[in-house]
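# A closer look at the structure
So the chains spell out like this:
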Amino acid sequence: MSCRKLITIDGPSGSGKGTIAQCLAEKLGWKLLDSGALYRLVGLDVRNRGLDFEDEASVGALAASLDARFDKGHVFLHNQDVTNDIRSESAGNDASRVAALPRVREALLQWQRDCATSDGLVADGRDMGTVVFPDAPLKIFLTASPEERANRRYKQLKEKGMSANLPRLIEEIRERDERDSNRKTAPLRPAEDAILIDSSALSIDEVTGKILEAADALFNDE
Ligand code: DC
């Protein structure tokens with residue numbers, strides 16, 4: 001009997017998990033859950049409304065009624081296209097702040113679980129294998145050195161014509177790792193049954209290939 005079609009990819013920002021998750025979803029013909037985008041949307045909404053980031057009750061209520069939509073690679077907040085706005089460094093930092101609030105995580109939990117259907121799902125995030133889908137049959141934890149991750153981010157931002165400062169990016173990545181790994185609720189850590197992959201010296205194709213190999217053994221047993 002084949003397994004539930006679900007792969008979780010967790011890891012820090014810049015580990016390549018977004019690209020890898022997208023690649024896998026396309027190759028397998030499965031859906032993709034970019035859970036970081038949800039936290040980025042909440043962060044953006046908090047900033048746009050001028051709410052206090054420390055006010056957990058208000059930020060949690062906002063997350064519970066998040067008016068977001070994903071459509072053909074575009075992300076909408078209150079029907080406004082915010083695809084680029086949520087990708088800035090400051091939006092990432094705001095996301096990390098709201099992601100540390102238990103009420104926000106709780107509010108987004110069911111939303112994320114509902115994405116796992118029989119069509120297959122690749123779920124990309126920090127706690128996909130530990131909290132959101134602890135029973136996933138294939139869990140990957142992807143990492144890379146902070147310097148390598150900052151370098152990748154630097155190139156991405158430059159390609160998009162956005163401003164970037166490499167030393168500051170390294171510093172921000174370290175700070176965000178620290179906050180994401182040390183928060184009380186759903187900290188960034190590999191699930192006990194996750195396969196660890198260090199992507200520092202591997203290409204996207206090499207990482208994707210390794211995961212597809214593991215997926216093949218699990219999901220194509222008929
Ligand atoms: O993957 P990303 O860079 O888009 O994530 C933005 C922030 O959201 C990141 O700092 C940590 C947080 N996040 C989280 O706590 N849990 C997730 N499942 C996804 C993202």
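What counts and what doesn't
Sequence order as written defines the numbering, with residues in each chain counted from 1. Thresholds applied to this predicted model are a pLDDT of at least 70 for local features of residues and 80 or more for the giving and counting of side-chain atom pairs; totals over whole chains, interfaces and linings are not thresholded and use all residues. No hydrogens and no water enter the side-chain calculation; it runs on all heavy atoms of the structure. Simply put, an axis is a line fit to the C-alpha atoms, just over the touching stretch for a helix, and the angle between two N-to-C directions goes from 0 to 180 degrees. Segments assigned H or I by DSSP are reported as helices when at least four residues long, segments assigned E as strands when at least two residues long, and all are numbered from the N terminus. Each angle gets one of four labels, with under 35 degrees taken as roughly parallel, over 145 as roughly antiparallel, 65 to 115 as roughly perpendicular, and the rest as oblique. Handedness of a crossing is defined here by the sense of rotation of the near helix relative to the far one, left-handed for an anticlockwise turn of less than a right angle and right-handed for a clockwise turn. We call two residues in contact whenever any of their non-hydrogen atoms come within 4.5 Å of each other. All amino acids are sorted into three groups, where Ala, Val, Leu, Ile, Met, Phe, Trp, Tyr, Cys and Pro are nonpolar, Asp, Glu, Lys and Arg are charged, and the leftover types, Gly among them, are polar. Note on definitions. A residue lies near a molecule or strand when any single heavy atom of the residue is within 4 Å of it. Here a polar contact is taken to be a pair of N or O atoms separated by no more than 3.5 Å, where protein atoms must pair a possible hydrogen donor with a possible acceptor and residues adjacent in sequence count only if both atoms sit in side chains. To measure how exposed things are, a 1.4 Å probe is used in the Shrake-Rupley method; for residues, cover is taken only from the protein chains shown.

Packing of helix 4 (residues 89-99) against helix 8 (residues 166-182) brings their axes to within 10 Å, and their N-to-C directions diverge by 15 degrees. Judged on the interaxial angle alone, helix 8 and helix 4 are roughly parallel. For helix 4 against helix 8, the interelement crossing comes out left-handed. Taking contact as the criterion, the partners of E89, G92, N93, S96 and R97 in helix 4 are, on helix 8, L169, E172, R176, R179 and D180. Along the lines of polarity and charge, the residues of the contact of helix 4 with helix 8 split into 1 nonpolar, 3 polar and 6 charged.

Checked against the element boundaries, F76 lands in strand 4 (residues 74-77). It is 11 Å that separates the C-alpha atoms of F76 and L38, two residues lying 38 residues apart in sequence. Leave out the neighbours within four places in its chain, and F76 touches D67, A68, R69, D71, D81 and V82.

With that out of the way, let us pick up the site of the ligand. For the ligand, the set of nearby residues contains 17 residues, the closest of which are R40, R105, R126, D127 and R183. Contact between the ligand and S35: a nitrogen atom at 2.9 Å from a side-chain N or O atom of the residue. Between the ligand and R40, the relevant distance is 2.6 Å, taken from an oxygen atom to a side-chain nitrogen or oxygen of the residue. Computed on the free molecule, the ligand has an accessible area of 450 Å², of which 96% lies beneath the protein chains in the complex. Listed by contribution, the elements that provide at least two residues to the shell around the ligand are helix 2 (35-49), helix 4 and helix 8. In terms of residue count, helix 2 provides more of the shell around the ligand than any other element does, 4 residues in total. Here the shell around the ligand is built from residues that sort into 4 nonpolar, 4 polar and 9 charged.

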